[in-house]
Amino acid sequence: AADVKAMLVGAEALRHLGEKLGCVSFDLRDMTQDLRSKQVSENFEFSHLVDGGAASAAAGEDEAALPSRPKTDIELPYKLYRLVKEDGSPCERADKHAFCMSRVYYSRSDLPQEVYVQLCDSSLRWRQSSDEVKIILLQVPPGLKASRDLVVEVLPDFLSCSHRNSGKVYFEGQLCRGVIPEQCLWEYEGDSGHVTFYLKKMNLELLSKSHQHAEMWWPKLCAHHSEIQWDDYEKDYSDLPSEIMKQHANREEQSKLLNDLEYKERMKKEQLQECDDLRKRLRQERLAQMRVGIVEAIRS
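Here the structure is a predicted model, which is why all the values come from computation and not from measurement.

### Focus on empty space enclosed by the protein
Turning to step 1, where the next piece is worked out: For the structure on display, the rule yields 1 cavity of 30 Å³ or more.
Turning to step 2, where the next piece is worked out: Approximately 70 Å³ is the volume attributed to the largest cavity.
Turning to step 3, where the next piece is worked out: Leu111, Pro112, Gln113, Val115, Arg127, Gln128, Tyr233, Glu234 and Asp236 are the residues that line the largest cavity.
Turning to step 4, where the next piece is worked out: For the lining of the largest cavity, the class distribution of residues is 4 nonpolar, 2 polar and 3 charged.

Shown next as structure tokens:
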């Protein structure tokens, strides 16, 4: 070992440093081992869950790094909206249907109540039916004159409302689906400051899928909004076009007739089966009586 040190650093350096050179090499060797342990811990999939991994590596302890127990809690998606009534009071569905299904109403009188979707920032609340989208802006100040102070722009895929003088934007966004601007209306309530839009849906989906009424339902209001869960509130299809309603009524009538025929056939089959079972029971009873008579005759 002394010859190797003399070859590397020379005899003069060896005379001055002595055994310190060996101590330095020993420290370097420990540092390499720590770096290797740290690299293995960083490559481990659950390295951020290992308790005391860095401390043990710094102390030079060779301990096995075990991952902590994974979480068992289910993380539900965070909703950026809430369900309210027209006046803003909470309206959570207590009779929510199972299996993420939603009830459908083709008559407005059967609809239990109007449910609105209100954004978390309380900027607006909106609801929809199969033919119309109703939007209520909540951050417009009261006491304005609609024709003088408000600038409203309704395009086939865009909607905005702002103040004419200050330029403050109360609402602006690209709509999720298309509307018909010529058939859209809006009104301003000076007392409350609410601006209400009545947007006529374009419903291009009816041209190719007239029997699939769910295709007309908007998953969200604007492109930058989060989607509304399908089973959060009931579907209002009461204002479908008359031609579509006739088709739906015809399909419902045909389905009802078919169900009635199937019910009658099933009842007839059950009656025949019951008669057949009764015949078999009577036959078994007669056979049993005959066997008893024959046995008694043989015994006598």
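Back to the text.
### Description of the sheet that holds strand 5 (residues 132–137)
Turning to step 1, where the next piece is worked out: If you trace the 6 strands from one edge of the open sheet to the other, you get 1-3-4-5-10-9, paired in antiparallel fashion. Unpaired on one side and paired on the other, strand 1 (81–84) and strand 9 (185–188) mark the two borders of the sheet. Pairwise comparison of adjacent strand axes, ignoring direction, gives a mean angle of 20° for this sheet.
Turning to step 2, where the next piece is worked out: Pairing of strand 1 with strand 3 (residues 116–119) involves 4 bridges; the strand directions are antiparallel. Residue pairing in the sheet places tyrosine 81 in a bridge with leucine 119 of strand 3.

### Observations concerning the side chain of arginine 125
Turning to step 1, where the next piece is worked out: The residue arginine 125 is located in strand 4 (residues 124–128) in this model.
Turning to step 2, where the next piece is worked out: For the buried arginine 125, which has no salt bridge, the nearest side chain bearing the opposite charge is aspartate 87, at an N-O separation of 6.7 Å.
Turning to step 3, where the next piece is worked out: Looking at arginine 125, its side chain comes within polar contact range of the main-chain oxygen of glutamate 86, at 3.0 Å.
Turning to step 4, where the next piece is worked out: Those residues in contact with arginine 125 that lie beyond four places of it in its chain are Val84, Lys85, Glu86, Asp87, Gly88, Tyr116, Val117, Gln118, Lys134, Ile135, Ile136 and Leu138.

About the thresholds
Along each chain, numbering runs from 1 in the same order as the chain's sequence is written. A pLDDT threshold of at least 70 governs which residues receive local features in this predicted model, and a stricter bar of 80 or more applies before side-chain atom pairs are shown or counted, although totals over entire chains, interfaces and linings include all residues. Computation of side-chain values: all heavy atoms of the structure, hydrogens and water removed. We place a 1 Å grid over just the protein atoms. Points where a 1.4 Å probe fits but has no way out form a cavity, open points with protein on both sides within 12 Å along at least 5 of 7 lines form a pocket, and any residue with an atom within 4 Å of a point lines it. Grid points are joined across faces, edges and corners, and a volume is the space filled by probe spheres set on the points. Each residue receives one of three labels: charged for Asp, Glu, Lys and Arg, nonpolar for Ala, Val, Leu, Ile, Met, Phe, Trp, Tyr, Cys and Pro, and polar for the others, Gly being one of them. Strands were regarded as paired on the criterion that DSSP finds at least two bridges between them. Each helix is a run of H or I in the DSSP string that is no shorter than four residues. Each strand is a run of E no shorter than two, and both are numbered from the N terminus. Only C-alpha atoms enter the line fits that serve as axes; for helices the fit covers just the stretch in contact. Angles between N-to-C directions range over 0 to 180 degrees. Partly exposed residues are those whose accessible area sits between 20% and 50% of the maximum for their type, while under 20% is buried and over 50% is exposed, using a 1.4 Å probe and protein chains only. Residues scored as positive are Lys and Arg, those scored as negative are Asp and Glu, and His as well as the terminal groups of each chain are ignored. Within this document, salt bridges are pairs made up of a side-chain nitrogen of Lys or Arg and a carboxyl oxygen of Asp or Glu, the two lying within 4 Å of each other. Side-chain atoms alone can form a polar contact between residues adjacent in sequence; in general such a contact is a pair of N or O atoms within 3.5 Å, and within protein one must be able to donate a hydrogen while the other accepts it. Contacts: residue pairs with any heavy atoms within 4.5 Å of one another.

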